[in-house]
Amino acid sequence: MAGRKITVIGSINMDLVTSTTQIPKVGETVLGNSFHTIPGGKGANQAVAAARLGADVTMIGAVGNDSFGETLVEHLTNQGINTENIMIVKDTSTGIASIIVSEADNSIIVVPGANNHVSPEVIEKQEDKIIHSDIILLQLEIPLESVIKAVELAKKHGVRTILNPAPIQKLPKELLEMVDYLTPNEHEQTLLFDSIDGSQQELEKFKKKCIVTKGSKGVMIYKNGEKMEIPSIQVEAVDTTGAGDSFNGAVATALCDGLDIEEACRFANVVGAISVTKLGAQTGMPTKKEVEEFLQVHKSS
Ligand code: RIB
């Protein structure tokens, strides 16, 4: 599958998802509606999104030597993802995300656990995998130094990188210089640019690398240096968890397929929309065929 090799370097979590009508205030207890354990983690979600769309995906990350870890690696393998480079860390728990879903919106607390063991040294050992990739996809749920190391190696070998800066934190200018695309949501974009201490010229340069996801308001991109808005696709949202991850996996796949940035984002927009129609980050992620079927129905309606 030449040209479609995506390496995702990032987090693998078990999502502990509680659906509730009422979100408790501090000190309050409420009764929820349902509870599910669902595979998640921004890295793993993006890997699954790309694999379902037909990309040749390798996941680099870490889980603990516990039952969640075992389940998650098995799950990723079943999705057709190469899991040989996932470390099993002894005496450490697998990352978890405690998620509250209410009226299709969510709040999340991530406890990184084994994800924190994806060190720069671990990344260095994966140089060969990085060289043979068409795109490297990263997020910020592993240590920042490791993200920087991965982007350095990718840059050294001329491999394109997409950084989804989530959860947002202050990023060094050197990293922003090196990455090819940044995919913040609106909130992350504001915080990211507020935290950069740079000249107007530098900020402009970094802004032009951004693909900003805006939920129901669509996506903002720069094409040939000009701002462009791509409208959202209207669907009945059940759970928006992982919508950004579906979008990122889809953008990476579409860019590998040779689509330009606008075409890639239009395609990813559809993928993101379909993904929110089911509970759980990965549950609603579509295959290429499902995207085509969705587009057929949309065209004729
Ligand atoms: O982006 C959604 C993901 O964020 C969840 O799957 C959760 O694990 C957290 O990492």
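I will try to describe carefully the structure that is included in this document. Predicted, not measured: the structure shown is a model, and the values here were computed from it.

With that out of the way, let us pick up the sheet that holds strand β9 (residues 160–163). As summarised here, the arrangement of the six strands in space is β5-β4-β1-β8-β9-β10, forming an open sheet in which the pairing is parallel. The outermost strands of the open sheet, each flanked by one partner alone, are β5 (86–89) and β10 (181–182). As paired strands, strand β1 (residues 5–9) and strand β4 (residues 56–64) are joined by five bridges and run parallel to one another. Considered in β4, the bridge of Val-8 is made with Met-59.

Attention now moves to the pattern of salt bridges. This structure, assessed with the given rule, holds 14 salt bridges. Residue Glu-262 pairs with Lys-223 through a salt bridge whose shortest N-O separation is 2.9 Å. Placement of Glu-262 in helix α10 (residues 261–275) and of Lys-223 in strand β12 (residues 219–223) is noted, with a sequence separation of 39 residues between them. Glu-262 sits in the buried class, given a relative accessible area of 15%. Classification of Lys-223 as partly exposed rests on a relative accessible area of 22%. Because the salt bridges share partners, they merge into one network encompassing Lys-223, Asp-260, Glu-262 and Arg-266.

Another point: the side chain of Thr-92. Its location among the elements puts Thr-92 in the loop between β5 and β6 (95–102). Residue classification places Thr-92 among the buried residues on the basis of a relative accessible area of 17%. If sequence neighbours within four positions are ignored, Thr-92 has contacts with Gly-64, Asn-65, Asp-66, Gly-113, Ala-114 and His-117.

Attention shifts here to the sheet that holds β12. Reading across the sheet, the three strands line up as β11-β12-β13 and stay open at both edges, with antiparallel pairing between neighbours. Two strands bound the open sheet, and with one partner strand each, they are β11 (212–213) and β13 (226–230). The sheet contact formed by β11 and β12 spans two bridges and is antiparallel. Paired with Val-212 across the strands is Met-220, a residue of β12. Lying on the sheet, α10 is in contact with β12 and β13; it crosses β12 at an angle near 165°.

So, how was this worked out
Residues numbered from 1 in each chain as written. Predicted model: local features only at pLDDT ≥ 70, side-chain atom pairs only at ≥ 80, totals over all residues. Heavy atoms only, no water. Pairing = 2+ DSSP bridges. Helix = DSSP H or I, 4+ residues; strand = E, 2+ residues; numbered from the N terminus. Salt bridge = Lys/Arg side-chain N within 4 Å of Asp/Glu carboxyl O. Buried < 20%, exposed > 50% of the residue type's maximum accessible area, 1.4 Å probe, protein only. Contact = heavy atoms within 4.5 Å. Axes fitted to C-alpha atoms, helices over the stretch in contact; angles between N-to-C directions.

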